[in-house]
Amino acid sequence: MPIYSEKVMDHFQNPRNVGEIENADGVGELGNPTCGDIMKIYIKVKDDKIEDVKFKTFGCGAAIATSSMVTELIKGKTLEEAEKISNETVAEALDGLPPVKMHCSNLAADALHLAIEDYRARKEGKGPIGRVETPEHDESDILEHT
Amino acid sequence: MHILDLEAKLKIINFDHFAATSMRQEVKEAMDPFFINEYGNPQSIHALSDEPREALARARLQAADLLNATSNEVIFTSSGSESNNLAIKGTAFARMDKGKHIIVSKIEHFSVLNAVKSLTKLGFEVSEVSVDKYGLVDPQDVKNALRKDTILVSITHASNEIGTIQDIKEISRIVHENSGAYMHADANTSCGFIETDVKELGADMLSAAPHRFYGPKGTGLFYLKKGVRVMPLIDGGIQEFGRRAGTENIPAIVGAGVACELAKKELKDRTAHLLPIQKEIISGVLSGLDEVYLNGHPEKRLPNNINFVVKYIEGESMLMWLNNNGIMVASGSACTSKILKSSHVLSAIGVDPALAQGSLLISLGQDNSLEDAAFFIKELPGVVNKLRQMSPLYEGIKKENKAQKDK
Ligand code: FES
C-alpha cells in the first residue's frame, strides 16, 4: 500500500503556485521545531479577497503537497473563508495523510493564518510579523523508545 | 510509494540495499525443500528430523566458516537486532555481579542504543564514546572510558549510515588488555561485504545479518566465543546450545548458511564490483552539483555505502522524486524518520541539524551497475534544482550571494 494518496503525489509532483510575490500584502513564514522545516506563504489581497498566493517550502513530500493544496484552496476566497481552513481541511482535501505527517498540514494551515494575520497587522501599521516558530504540537503519533 | 511514471521508466534501481536485498537464487533453492517436504523438527528422534538436523549443522558450519569460528560458537537468532540485544542484555544479565557499566559509541544502531537505554532503567550505566568528523572511534577514548566495573564494550564494525569502518582489532586489544570486559562487534552492516574474521577482529561476540547479504529475512547470526557467557533472552528448550530457545526456523537458517557460503566465496569479487560504482557516484555527484557534501570516511568505508548531504532541501522530498525516476534511496532526515528526529549518526559527526535534513543515503548491491550510477548522476541535479527552486532557504542564500556580488 502506498504511503501517500494519489492526490498527495499529484500535488507533490505538480505543486501549484510555487514562488514568491514581490510586494506581497501578507507573508506567513513558519519554522517547524519538530523536524526543522520551513514554510513561507505570500498573499496578495484585493477587496478582502485573496487575489494571488504563492508558497515556498523546505520540507518533506507531505509538506510540499499540503502547501500546494492550501494555496489552491484559498485562491479567490475571501479572507474570512480562508481563515476557516484548518489542517484537517487540507489533509481531507488531499485524501488523508499518514498520522506521522499530520504535523506537516499543521504547518501549512498555520502559515496561511499567519499570512492573513500579517496582512491585517500591516494594514493597521503594526506589521510585518516576520518568521515565527510553531509551538510544539501533540506528538502522540510519534513512536519513540521511552 | 507508487511511481506515477511507470511506463516511462521501467527499470527500478535499488540503491537501498541496507533496507533489503533480493535473495540469491541459490539461497532460495536451498530453502525450498524445507517448507513442505523436509518440515521435520531437528530436535525429534525419528526419521523426519534427520534431514533438517543435518541441514542445521551444515548451515552452522557455513556461517562459522565465514566468520572463521567453530560451529559451536555460532547461534542462529531471528535478526541482527536480536543478536545485538543478546550481546548486550545477555552480557548484562550474566555479569551484573561483576559490574554494571557498558561502553558503546554514539553512532551505534538503535538495536544497541535502545538496548542499553533499557538497561539504564535497571541500574546499568552507559558511556557513549564520541566519534570524529569521519565517524571514527578513537580506541584511546574507549580506553579512557573503561572502568573497573565495565562488563561490555559494544562498537559497530561499520556504520549502517555513513559506512565508516572501525578499527575493531585495536579496540578489542585495548579492551582486553585493560579490563575484564567483553568485546562485541556489531557487524550487521559489514558482514558479507568486508572481512569479518572473529579471530582477526579479536571480538568475544559478533552480530551479523544474512538478509543484508542476499540471505532470507528472519535470521540473524550471533558469534559467541567459546567460554564467553551470556544469559539467554528466550528461555525454553535446548536449541542453539541453550542460548536461544524456540523451534529452529530451518528454511531461513538453511538460506542464511548458503548466503554465508556465497559471501565467503565472493567477498573479493563483491568489493571489486562495488568499489568502481561507489567511486563513480561520489565523484559524479560532487562534481555535478554545488553545495553537496560526502559524509563518512573517504577511505575507511564500506564499498557499498554512500552518504551525502545536499544543502537547502529535505531528504524525503528528494527521495520521492528519485523514486519517481525509478531510483530507490534512503535518507537520514528528520522527516523520513518515524520519530521525526534527524539522524543521531550525522549529529555525532557534527553535521548541523538543518544540513542533516538534506541527507541522502545510498547502499549498493549485486544488482547495481555503472550504468545505474550514470543514470543517477544524470537525474539527481534536476531533482535537486527543482526542490531548491521551491526552498525558502535557497532563496535567502541566492539573495545573500547576489548582495555580496553587488557590493
Ligand atoms: S515537513 Fe518534516 S515531516 Fe513533513
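These numbers were taken from a predicted model, which means no experiment stands behind them.

## Thoughts on the pairing of strand S10 (residues 305-310) of chain B
Residues and elements named next belong to chain B.
Okay, step 1: The buried fraction of S10 amounts to 6 of the 6 residues, a majority that puts the element mostly inside the structure.
Okay, step 2: The two faces of S10 match: Asn 305, Asn 307 and Val 309 on one face and Ile 306, Phe 308 and Val 310 on the other face are all buried.
Okay, step 3: Two strands pair when backbone bridges link them, and strand S9 (residues 292-294) and S10 are joined in this way by 3 bridges, in the antiparallel orientation. Bridge assignment links Leu 294 to a residue of S10, and that residue is Phe 308.
Okay, step 4: When S10 meets strand S12 (residues 359-363), the two strands line up antiparallel, connected through 5 bridges. Among the inter-strand pairings, Asn 305 is bridged to a residue of S12, identified as Ser 363.

## With respect to the interface of chain A and chain B
Okay, step 1: On the side of chain B, 31 residues touch chain A, which itself brings 34 residues to the contact.
Okay, step 2: Between chain A and chain B lies a buried interface of about 2900 Å² when both sides are counted; carbon and sulfur atoms form 64% of it.
Okay, step 3: Between Lys101(A) and Glu316(B) there is a salt bridge, with the nearest N and O atoms lying 2.6 Å from each other.
Okay, step 4: At the junction of chain A with chain B, the criterion picks out 10 residue pairs in polar contact (both at pLDDT 80 or more).
Okay, step 5: Contributions of two or more residues to the side of chain A that touches chain B are made by helix H1 (6-13), strand S2 (38-46), strand S3 (49-58) and helix H2 (61-74) of chain A.

## Side note on the sheet that holds S2(A)
Strands in a sheet are paired, the pairing made by backbone hydrogen bonds, and the direction either parallel or antiparallel.
Residue and element names in this part refer to chain A.
Okay, step 1: One open sheet accounts for 4 strands, arranged S3-S2-S1-S4; its pairing is mixed. Each edge of the sheet is formed by a strand with only one pairing partner; in this case those strands are S3 and strand S4 (131-133). Each strand of the sheet is rotated relative to its neighbour by a mean of 20 degrees, with strand direction disregarded.
Okay, step 2: Judged from the 6 bridges that link them, strand S1 (residues 26-31) and S2 form a sheet pairing that is antiparallel. Within the sheet, the bridge partner assigned to Leu 30 lies in S2 and is Met 39.
Okay, step 3: Lying on the sheet, H2 is in contact with S2 and S3; it crosses S3 at an angle near 175 degrees.

## Quick look at unusual backbone geometry
Residues and elements named next belong to chain A.
Okay, step 1: One non-glycine residue with positive phi stands out, namely Asn 23, at about 55 degrees.
Okay, step 2: Here Asn 23 lies in the loop between H1 and S1.
Okay, step 3: Owing to a relative accessible area of 64%, Asn 23 belongs among the exposed residues under this scheme.
Okay, step 4: A positive phi angle is found at Asp 48, which is not glycine, with a value near 65 degrees.
Okay, step 5: Relative to the helices and strands, Asp 48 resides in the loop between S2 and S3.

## Examining the nonpolar core
Okay, step 1: By size, the foremost hydrophobic cluster in this structure holds 128 residues, and its most contacted members are Ile43(A), Ile281(B) and Phe376(B).
Okay, step 2: It is helix H9 (residues 250-288) of chain B that provides the largest number of residues to this core, a total of 14 residues.
Okay, step 3: Residue assignment places this core across two domains, with domain 1 (3-21 + 267-406) and domain 2 (25-263) of chain B each supplying three or more.
Okay, step 4: In terms of nonpolar packing, the next biggest core, distinct from the first, is built from 21 residues, Ile88(B), Leu113(B), Val116(B) and Phe222(B) among them.

## Quick look at H9(B)
Okay, step 1: Between its first and last C-alpha atoms H9(B) spans 48 Å; for 39 residues at 1.5 Å apiece the expected length is 57 Å, and the helix comes up short by more than 12%.
Okay, step 2: At Glu266(B), H9(B) shows its maximal bend, which comes to roughly 65 degrees.

## With respect to the packing of H1(A) against H2(A)
All names here are of chain A.
Okay, step 1: As a packed pair, H1 and H2 sit with axes 8 Å apart at the nearest point and diverge in direction by 85 degrees. On the basis of their axis angle, the class for H1 and H2 is roughly perpendicular. Judged by residue contacts, Lys 7, Val 8, His 11 and Phe 12 of H1 engage Gly 61, Ile 64, Ala 65, Ser 68, Met 69 and Glu 72 from H2.
Okay, step 2: Its residues assigned to classes, the contact of H1 with H2 shows 5 nonpolar, 3 polar and 2 charged.

## Some points on the environment of Val228(B)
Residues and elements named next belong to chain B.
Okay, step 1: Here Val 228 is to be found in the loop between strand S8 (220-224) and H9.
Okay, step 2: As a C-alpha pair, Val 228 and Asp 16 span 212 residues in sequence and 35 Å in three-dimensional space.
Okay, step 3: Sequence-distant contacts of Val 228, defined by excluding residues within four places in its chain, comprise Tyr 182, Asp 204, Met 205 and Arg 243.

## Considering the packing of aromatic side chains
Okay, step 1: Considering all chains together, one arrives at 4 aromatic pairs over all chains under this definition.
Okay, step 2: Look at Phe12(A) and Trp321(B): their rings are 5.6 Å apart centre to centre, the planes differ by 40 degrees, and that puts the pair in the tilted class. Of this pair, Phe12(A) sits in helix H1 while Trp321(B) is found in helix H10 (residues 315-324), placing the two residues in two different chains. For the pair formed by Phe12(A) and Trp321(B), the shared burial category is buried.
Okay, step 3: Here Phe15(B) and Phe376(B) contribute two aromatic rings whose centre-to-centre distance is 5.5 Å and whose plane-to-plane angle is 80 degrees, an arrangement assigned as edge-to-face. With a gap of 361 residues between them, Phe15(B) in the loop between strand S1 (13-14) and helix H1 (25-31) and Phe376(B) in helix H13 (residues 370-389) connect regions that are remote in the sequence. Grouping residues by exposure puts Phe15(B) and Phe376(B) together as buried.
Okay, step 4: Over the ring of Phe124(B) we find Lys100(B); its NZ or CZ atom is 5.2 Å from the centre of that ring.
Okay, step 5: Above the face of the Trp321(B) ring, Lys386(B) is positioned so that its terminal group lies 3.8 Å from the ring centre.

## Some words on the sheet that holds strand S3 (residues 101-105) of chain B
Residue and element names in this part refer to chain B.
Okay, step 1: Spatially, 7 strands are ordered S2-S8-S7-S6-S5-S3-S4 in an open sheet, and the strand pairing comes out mixed. The sheet terminates laterally at strand S2 (74-77) and strand S4 (125-129), the two strands that pair on one side only. Averaged over all neighbouring strand pairs, the angle between strand axes comes to 20 degrees, with direction disregarded.
Okay, step 2: Set on the sheet, helix H5 (residues 110-120) makes contact with S3, S4, strand S5 (150-156) and strand S6 (182-186); between it and S3 the angle comes to about 155 degrees.

## Considering the domain arrangement of chain B
Residues and elements named next belong to chain B.
Okay, step 1: Structurally, chain B comprises domain 1 (3-21 + 267-406) and domain 2 (25-263).
Okay, step 2: Centre-to-centre separation of domain 1 and domain 2, based on C-alpha positions: 30 Å.
Okay, step 3: Between domain 1 and domain 2, the residue contacts involve 29 residues of the former and 32 residues of the latter.
Okay, step 4: Inspection of the domain 1/domain 2 interface yields 0 salt bridges.
Okay, step 5: Where domain 1 meets domain 2, there are 15 residue pairs in polar contact (both at pLDDT 80 or more).
Okay, step 6: Looking at the side of domain 1 that touches domain 2, the elements with two or more residues in it are H9, S10 and helix H11 (344-348).

Quick notes on the rules
Residues numbered from 1 in each chain as written. Chains lettered and ligands numbered in written order. Predicted model: local features only at pLDDT ≥ 70, side-chain atom pairs only at ≥ 80, totals over all residues. Heavy atoms only, no water. Buried < 20%, exposed > 50% of the residue type's maximum accessible area, 1.4 Å probe, protein only. Helix = DSSP H or I, 4+ residues; strand = E, 2+ residues; numbered from the N terminus. Pairing = 2+ DSSP bridges. Contact = heavy atoms within 4.5 Å. Buried area = accessible area lost by both parts, 1.4 Å probe. Salt bridge = Lys/Arg side-chain N within 4 Å of Asp/Glu carboxyl O. Polar contact = N/O pair within 3.5 Å; in protein donor to acceptor, adjacent residues only side chain to side chain. Axes fitted to C-alpha atoms, helices over the stretch in contact; angles between N-to-C directions. Core = buried A, V, L, I, M, F, W, Y, C linked by side-chain atoms within 4.5 Å. Domains from an automatic or database assignment. Expected span 1.5 Å × (residues − 1). Bend = angle between axes of the 7 residues up to and from the residue. Parallel < 35°, antiparallel > 145°, perpendicular 65-115°, else oblique. Nonpolar A, V, L, I, M, F, W, Y, C, P; charged D, E, K, R; others polar. Phe/Tyr/Trp six-rings, centres within 6.5 Å; stacked < 30°, edge-to-face > 60°. Lys NZ or Arg CZ within 6 Å of the ring centre and 35° of its normal.

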